[in-house]
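Listed below are the residues making up each chain.
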Amino acid sequence: MDAWLNKSGAVGLDDLDLADFPDTGRGVKAQRPFKEGERILTVPANCLWTVKGAYADPLLGPVLQSVQPPLSVEDTLALYILFVRSRESDPAYAERQSHVAVLPSEYTLSMFFTEEELRVCAGSSLYTLTTHLRGRVGDDYKKLLTSVFMRHRDLFPLDNFSIQDYKWALSSVWSRSMDFAISEGNSVRLIAPFADMLNHTPDAKQCHAYDLSTGNLSVLACRDYQVGDQVFIYYGSIANSRLLRLYGFVLPDNPNDNYELVLQTSSMAPLYEQKKRLWKLAGLDEVSTIPLTLRTPLPDSVLRYLRIQRLDESELGTMTMQIATESYKKISDENESQVLQFLSESIGALLKGFEIPLEKLEVQLAEGLYSPGSNAWAAAHVCLGEQRVLKAAKEKTDALLASVANGSASLPPTKQCANCNKDSETARLLACGKCRAVKYCGRECQVAHFKEHKALCHSLSIRK
Ligand SMILES: C[S@@+](CC[C@H](N)C(=O)[O-])C[C@H]1O[C@@H](n2cnc3c(N)ncnc32)[C@H](O)[C@@H]1O
């Protein structure tokens, strides 16, 4: 591979070497000192794997052009890699094959986990997304089978283009490709031979660059390096769930860990059309996916979404005014406690959905139940990170709920049953035994209302 790259005009290879490192596995070692910001490596445009390159290939290009709708960027690159690999005795592909030959023979992305390994993170978004991903990859392979492989059997013998081959090639694309924005809404995705041997460090900022005018890919030193140091690049601010899904590794105590909270509302909900308009004006979608993180466990956008979701007709105007002035705050005590109560219960339910609860997982990891670096250990770290984020979000929500209750001038109506609204003139109302602030016309209503009332009851009881 080095000979091909050097011949094609690569710069810097003599100062770098491949080596095995204890935590990251194979990576790139500095052969001379580098100063921060210095250019370490340039891989020329004609050696990169790009969609443009795939279409320019004299054999693969015409096939790609004949597929309608066109293949996705990921599929095109995966097919390009597999195609080059399959041209075993064709000298026209020998140079590119020298790169394919040094790609890992297998990957540790979560899609390859056994059921037992994946179960460690049951309840996490990784578990759900990996299950979906497996289905999607299977479907995409079937599409390739009918739109490409079966139509051109001479170019794509199934021995070299099986579903296992496809998964391997996709993993190569996910874990080794780089994305660069080249203009508004346009980006280029590429794999750069040798630069794809650089491992990730979270302690840097982006230190690889794509030159639009030449099409070359360069790597800069993200800090000073001494001879023998591992040279890193920065893959981005990525949570462990994504790292494991697309790269096959995790970073313990990853500060970017998150939980992607999906907020949605039934289109049958009251005032749905008005609320849809308000979400849009407030910069939200009717189905909003909002990442909760340890730094920001409860982003304002979550409250903004839920305040709109729960508002009644008399509150539409207040919300519209808030949006117009971009001064978001609670709409009313009642709306706010409903929002926070719902959120607290929903996060509580998400936490309960984890097969291994946080405290148990912490003990298991501390006692070394999972061998460090193994798939189950990586899954445990994702599970840990997501639960820590959710726990922080619940704590923040409960604190807000308590403060709403503490500062609330308008507690729930005391002359009506909190469940069926019967008033005290038509029914004998009895107060909730715990908070004594809410009343019911009977046991049946109290039981029916318990789920909704629980969090507020708790905060009102603390207040007492
Ligand atoms: C772009 S490649 C880097 C070269 C790769 N180590 C190799 O031997 O081919 C990305 C892969 O390297 C590994 N990797 C990168 N950064 C890592 C890190 N900080 N810790 C552990 N593994 C890492 C993961 O397997 C990831 O999928």
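Fair warning: this is a prediction, and the values are worked out from it, not measured in the lab.

S.K.: Give a detailed account of the pairing of strand S5 (residues 186-190), specifying residues and quantitative values.
M.R.: Here five bridges tie strand S4 (residues 178-183) to S5, and the two strands are oriented antiparallel to one another. If you follow serine 183 over to S5, its bridge partner there is asparagine 186.

S.K.: Lay out the UniProt feature "domain: SET" (unreviewed entry) in the protein chain with the relevant residues and their values.
M.R.: Mapped onto this numbering, the UniProt entry annotates "domain: SET" (unreviewed entry) at residues 14-236. Taken end to end, residues 14-236 has its terminal C-alpha atoms 27 Å apart, with 35% of it in helix and 18% in strand.

S.K.: Tell me what's going on with the site of the ligand, and back it up with residues and numbers.
M.R.: Around the ligand sit 14 residues, and of these Arg26, Arg176, Asn199, His200 and Tyr247 come closest. Backbone polar atom of arginine 26 to a nitrogen atom of the ligand: 2.8 Å apart, as the coordinates give it. Here a nitrogen atom of the ligand and a backbone polar atom of histidine 200 are 2.9 Å apart. Protein burial of the ligand: of its 560 Å² of free accessible surface, 85% is covered by the chains. Under a 2 Å grid-point criterion requiring more than half of the atoms, the pocket assigned to the ligand is the largest pocket. Each residue belonging to the shell around the ligand can be placed in one class, and the counts come to six nonpolar, four polar and four charged.

S.K.: Summarise the sheet that holds strand S2 (residues 25-30); cite the residues concerned and give the values.
M.R.: Judged by pairing direction, the sheet is mixed, and its four strands sit side by side in the order S1-S2-S9-S6 without closing on themselves. The open sheet has two free edges, formed respectively by strand S1 (16-21) and strand S6 (199-200), since each of these has just one partner strand. Where S6 and strand S9 (residues 230-233) come together, two bridges link them in parallel fashion. By the bridge assignment for S9, asparagine 199 is matched with phenylalanine 232.

S.K.: Report on the packing of aromatic side chains, specifying residues and quantitative values.
M.R.: Tallied over the full model, the rule gives 14 aromatic pairs. With 5.7 Å between their ring centres and 25 degrees between their planes, phenylalanine 180 and tyrosine 210 make a pair best called stacked. With phenylalanine 180 in strand S4 and tyrosine 210 in strand S7 (residues 208-210), this pair connects stretches of sequence that are 30 residues apart. Relative accessible area serves as the criterion here: at 7%, phenylalanine 180 is assigned to the buried category. Geometrically, the ring pair formed by tyrosine 272 and tryptophan 279 is edge-to-face, given 6.2 Å between the ring centres and 65 degrees between the ring planes. By relative accessible area, tyrosine 272 is classed as buried at 11%. In this arrangement the basic side chain of arginine 96 is found over the ring face of tryptophan 49, its NZ or CZ atom lying 4.8 Å from the centre. Seen from the ring of tyrosine 328, arginine 304 lies directly overhead, with NZ or CZ sitting 4.6 Å from the centre.

S.K.: Describe in detail the packing of helix H4 (residues 73-86) against helix H7 (residues 125-149), supporting the description with residues and values.
M.R.: Where H4 meets H7, the closest approach of the two axes is 12 Å, and the angle between their N-to-C directions is 65 degrees. In terms of crossing hand, the pair formed by H4 and H7 is right-handed. Residues Glu74, Asp75 and Leu79 of H4 lie in contact with H7, whose contacting residues are Arg136, Asp140, Leu144, Val148 and Phe149. Classifying every residue of the contact of H4 with H7 by side-chain character gives four nonpolar, no polar and four charged.

S.K.: Run through the sheet that holds S7, naming residues and quoting values.
M.R.: The antiparallel open sheet is built from three strands, whose spatial order is S3-S8-S7. Edge positions in the open sheet fall to strand S3 (39-43) and S7, since each of these has one partner strand only. Geometrically, the sheet is characterised by an average inter-axis angle of 20 degrees between neighbouring strands, direction not taken into account. Relative to strand S8 (residues 217-220), S3 runs antiparallel, the two being bridged by four bridges. Its bridge partner lying in S8, leucine 41 is registered against valine 219.

S.K.: Describe in detail the packing of H7 against helix H8 (residues 163-176), supporting the description with residues and values.
M.R.: Packed helices, taken two at a time, are described by the angle their axes make and the gap between the axes. Remark: H7 packs on H8, axes separated minimally by 10 Å, with the N-to-C direction vectors making an angle of 115 degrees. Judged by the sense of rotation from one axis to the other, the crossing of H7 with H8 is right-handed. Within the contact between the two elements, H7 uses Leu133, Arg136, Val137, Gly138, Asp140, Tyr141 and Leu144 and H8 uses Ile163, Tyr166, Lys167, Leu170 and Trp174. In terms of residue class, the contact of H7 with H8 is built from eight nonpolar, one polar and three charged.

Scoring rules and cut-offs
- Residues numbered from 1 in each chain as written.
- Predicted model: local features only at pLDDT ≥ 70, side-chain atom pairs only at ≥ 80, totals over all residues.
- Heavy atoms only, no water.
- Pairing = 2+ DSSP bridges.
- Helix = DSSP H or I, 4+ residues; strand = E, 2+ residues; numbered from the N terminus.
- UniProt positions renumbered as here; feature names shortened; annotations may be inferred.
- Near = heavy atom within 4 Å.
- Polar contact = N/O pair within 3.5 Å; in protein donor to acceptor, adjacent residues only side chain to side chain.
- Areas by Shrake-Rupley, 256 points an atom, 1.4 Å probe, with all protein chains shown as cover.
- 1 Å grid on protein atoms, 1.4 Å probe; cavity = no way out; pocket = protein on both sides within 12 Å on 5 of 7 lines; lining within 4 Å.
- Sits in = over half its atoms within 2 Å of the grid points.
- Nonpolar A, V, L, I, M, F, W, Y, C, P; charged D, E, K, R; others polar.
- Phe/Tyr/Trp six-rings, centres within 6.5 Å; stacked < 30°, edge-to-face > 60°.
- Buried < 20%, exposed > 50% of the residue type's maximum accessible area, 1.4 Å probe, protein only.
- Lys NZ or Arg CZ within 6 Å of the ring centre and 35° of its normal.
- Axes fitted to C-alpha atoms, helices over the stretch in contact; angles between N-to-C directions.
- Left-handed = near helix turned anticlockwise from the far one by under 90°.
- Contact = heavy atoms within 4.5 Å.

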